[in-house]
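Chain by chain, the residues run as shown.
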Amino acid sequence: MRLISHPAVLLTLTAVLLACASVPFWGGTYELKVATRILCFALFVLSIDLLIGFGGMVTFGQAAFFGLGAYALFFLSPEYEAGSILVAGLGAMALGALAALLTGLVVVRTKGVYFIMVTLAFAQMGFALFHDTDIANGSDGAFVFVKPALTVAGVTLIDFESRTDLHFTVLAVVVIALAKLVVLIRSPFGEALQGVKTDDRRMRALGYNPYLIRLAAFTMAGALAGLAGFLFASIDGYVSPELLGWQLSGQGIVMAVLGGLGSLGGAVFGAASLVLLEEVLKDQSLVGGFIAEHWHIPLGLIIVGIVLAFRGGIAGALSRLGGTLGGMGGGRP
Amino acid sequence: MDPVFLAIQLLNGIQQGLLLFLIASGLTLIFGVMGVINLAHGAFYMLGAYAAFSLTEMTGDLLLAILLGIPLALALGWVFERVFFRWLYEREHLEQVLLTYGLILIIDESRSVIWGNDPHGVPVPDWLDFSIPLTETLSYPVYRLAVSVVCLALAGAMAYVLGRTRLGMRIRAGEADRETVAALGVDIGTLYAVLFAAGIGLAAFGGMLAAPIESVFPGMGEQVLIISFVVVVIGGIGSVKGAFLAALAIGLVDVFGQVFLPQFASVVVYGLMAAVLIWRPAGLFGRG
């Protein structure tokens, strides 16, 4: 099911991305930061959608690779001068991919509920590594004082010190990632990945190696999550072990499901809805002091309500709106 | 290293492992029989510990607090099963993960509303508050021994109920074939509710026993949840025997890891999990 090619989904996706593109022209620092955060999370959720929506691998540890990508920014930035966006960005992807490959060797051997528990446990191992040891100031987190820039022949083309530069870079990365993933999903590899999701045994009988296909998808998703984490850390120039934490993995799944799994475009809707919902719930003037302080309670209730009542996510609802899928739960795995 | 010191660590590891078994056995039973992955299991452990804190303040004794707390925990488990979890039995793992993730947010934030975010200590009952002297400087607290004995007794009781009683037979039958058991006239809804309440009761009871040792603090639920997952994965999902052996192994590895590799103790625990999974992807006693 390629919901991204559905006209209603594609139209809404274009509208949301254009809205994000317009923020620097009317918004202040706060609005711009929220919009950049939405786009970073959209990238992160795309990596989750690749695994859950297309590979049938319910991961509860994707934040580990996101966090590693964020730490790559810290490791690859010189202390008192601007690092290179290319070096740090590619380094973040490489680190995410390497970590995903190494844990993937073990993790993709497991299935179903084992997969959920094992991805969570390995992610927590990464969290413990940064939280309990002295690497990058341990549990206190660390600051990147000068954000990276892209300089070619002495001319600075992109400087992440400028919020607008960062915002448009992330937007471009999201568009490229969406396009690349659409191509990937339609490629023989993408077809094989979805085949493994549907019927592992039959794919093996056809001569495919499900283990390698899953491992490849897991590694790619790790690279994408690493890139997302690097861009996210560039917003505030701050990294902490919480970026590898299970809460963020949970948030990512909520976004992916809210947007609609297996639709790619849903990643953007899910990220936008959850980030905006959080901003509303945290706003004292809108919801009152008690809820703003304890906004996790309404958020939890909304998540529980979504599971019990609402299926197929936003992309599913949009495609049903278009009428072509009828009353069937579109976008569900 | 001093042999008495090592013996104390050995006892600590066993005690920690036995306590972990209580919590993980609830998780593995709920998954094995009902097919539900419950991320909120650790949250009930946390609630148990906080309940022990408040009830001990009210009654003045941990034992009274536990006697009051257990029926409360069972009732809470029953209510959660009837309101939330019974809708999850036929649903996908992903939906179970999402719903129980939402429940963690609600339970954890409610804890913050009721008890705030400060850690609290819980006193050991006076009649257990002494240590057995081993050498001139080293001694072993009786409370920890008592916890080990209680956990062992419960493990024995569980083995008896599951293996030798009619209820245990129904639980094992429900695990094997839900439809057939229901067709034979067993009220599967009530059976599940009872079992779920028992699982939650075990988690909460674990929290109450741990409260004087670990003290009571906000993130305690997640810590236990993740380490319980490691136990369940190593032992094989649904296997109580596997959970028992894995919990003891994890308890020992964790305690000795903290002695020899203090910064990397938790990494060693996950390394053990990885090694077992490479060897047996479905855990020690898992099927499939």
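These numbers were taken from a predicted model, which means no experiment stands behind them.

A. Spatial organisation of the overall build of chain A. The number of helices and strands found in chain A is 15 helices and four strands. For 333 residues, the compact-globule formula gives about 20 Å, and the C-alpha radius of gyration of chain A, at 19 Å, lands near that figure. Expressed as lengths along the three principal axes of its C-alpha atoms, the size of chain A is roughly 55 × 45 × 45 Å. A total of 333 residues make up chain A; the buried ones form 58% of that total.

B. How the structure looks around the packing of helix H9 (residues 220–235) of chain B against helix H11 (residues 265–279) of chain B. All names here are of chain B. Where H9 contacts H11, the axes come no closer than 10 Å and their chain directions differ by 25°. The angle between H9 and H11 falls in the class roughly parallel. Crossing hand, H9 versus H11: left-handed. On the side of H9, the interface is formed by Ile 226, Ile 227, Val 230, Val 233 and Ile 234, while H11 contributes Val 269, Tyr 270, Leu 272, Met 273, Val 276 and Leu 277.

C. Fine view of the environment of A:Pro241. All names here are of chain A. Following the sequence through the fold, Pro 241 ends up in the loop between strand E4 (238–239) and helix H10 (246–259). Note on Pro 241: relative accessible area 0%, which makes it buried. Taking the C-alpha atoms as reference, Pro 241 lies 18 Å from Cys 40; in sequence the two are 201 residues apart. Among residues more than four places away in sequence, those in contact with Pro 241 are Tyr 71, Phe 127, Phe 130, His 131, Gly 138, Ser 139 and Gly 141.

D. Spotlight on the confidence of the model for chain B. Scored by pLDDT, chain B has a mean of 90; 99% of the residues are at 70 or more. Taken element by element, chain B is modelled with least confidence in helix H7 (residues 178–183) of chain B, mean pLDDT 82, and with most confidence in helix H2 (residues 41–59) of chain B, mean pLDDT 96.

E. Quick look at a nonpolar patch on the surface. Residues and elements named next belong to chain B. Where nonpolar side chains cluster on the molecular surface, the patch consists of Met 1, Phe 260, Leu 261, Phe 264 and Val 268 and spans about 500 Å² of accessible area. Of note, Phe 264 is situated in the loop between helix H10 (240–260) and H11. Overall, the relative accessible area of 37% leaves Phe 264 in the partly exposed class.

F. Broad picture of the pattern of salt bridges. Residues and elements named next belong to chain A. Within this structure, the stated rule accounts for nine salt bridges over all chains. With a closest N to O distance of 2.9 Å, Arg 214 and Asp 200 form a salt bridge. Separated by 14 residues along the polypeptide, Arg 214 in helix H9 (residues 210–236) and Asp 200 in helix H8 (residues 200–205) bring together distant segments of the chain. Asp 200 carries the same exposure label as Arg 214, and that label is buried. Residues participating in the shared-partner salt-bridge network are Lys 111, Asp 200, Arg 204 and Arg 214.

G. Structural detail: helix H3 (residues 62–83) of chain B. Residues and elements named next belong to chain B. In this model H3 runs 30 Å from its N-terminal to its C-terminal C-alpha over 22 residues, within 8% of the 32 Å that 1.5 Å per residue would give. Most pronounced at Gly 69, the bend in H3 amounts to some 25°, and the proline Pro 71 follows within four residues. All of the buried residues in H3 are Leu 62, Ala 65, Ile 66, Gly 69, Ala 73, Gly 77, Phe 80 and Glu 81. Looking at the packing, one finds that the buried side of H3 touches H2, helix H4 (93–115), helix H5 (142–164) and helix H8 (188–214). Where H3 starts, the residue carrying a side-chain oxygen 3.1 Å from the main-chain nitrogen of Leu 63 turns out to be Asp 61.

Conventions adopted
- Residues numbered from 1 in each chain as written.
- Chains lettered and ligands numbered in written order.
- Predicted model: local features only at pLDDT ≥ 70, side-chain atom pairs only at ≥ 80, totals over all residues.
- Heavy atoms only, no water.
- Helix = DSSP H or I, 4+ residues; strand = E, 2+ residues; numbered from the N terminus.
- Rg over C-alpha atoms; globule rule 2.2 N^0.38 Å.
- Buried < 20%, exposed > 50% of the residue type's maximum accessible area, 1.4 Å probe, protein only.
- Axes fitted to C-alpha atoms, helices over the stretch in contact; angles between N-to-C directions.
- Parallel < 35°, antiparallel > 145°, perpendicular 65-115°, else oblique.
- Left-handed = near helix turned anticlockwise from the far one by under 90°.
- Contact = heavy atoms within 4.5 Å.
- pLDDT = per-residue confidence, 0-100.
- Patch = residues over 30% accessible without salt bridge, like charges linked within 9 Å, V, L, I, M, F, W, Y side chains within 5 Å.
- Areas by Shrake-Rupley, 256 points an atom, 1.4 Å probe, with all protein chains shown as cover.
- Salt bridge = Lys/Arg side-chain N within 4 Å of Asp/Glu carboxyl O.
- Expected span 1.5 Å × (residues − 1).
- Bend = angle between axes of the 7 residues up to and from the residue.
- Polar contact = N/O pair within 3.5 Å; in protein donor to acceptor, adjacent residues only side chain to side chain.

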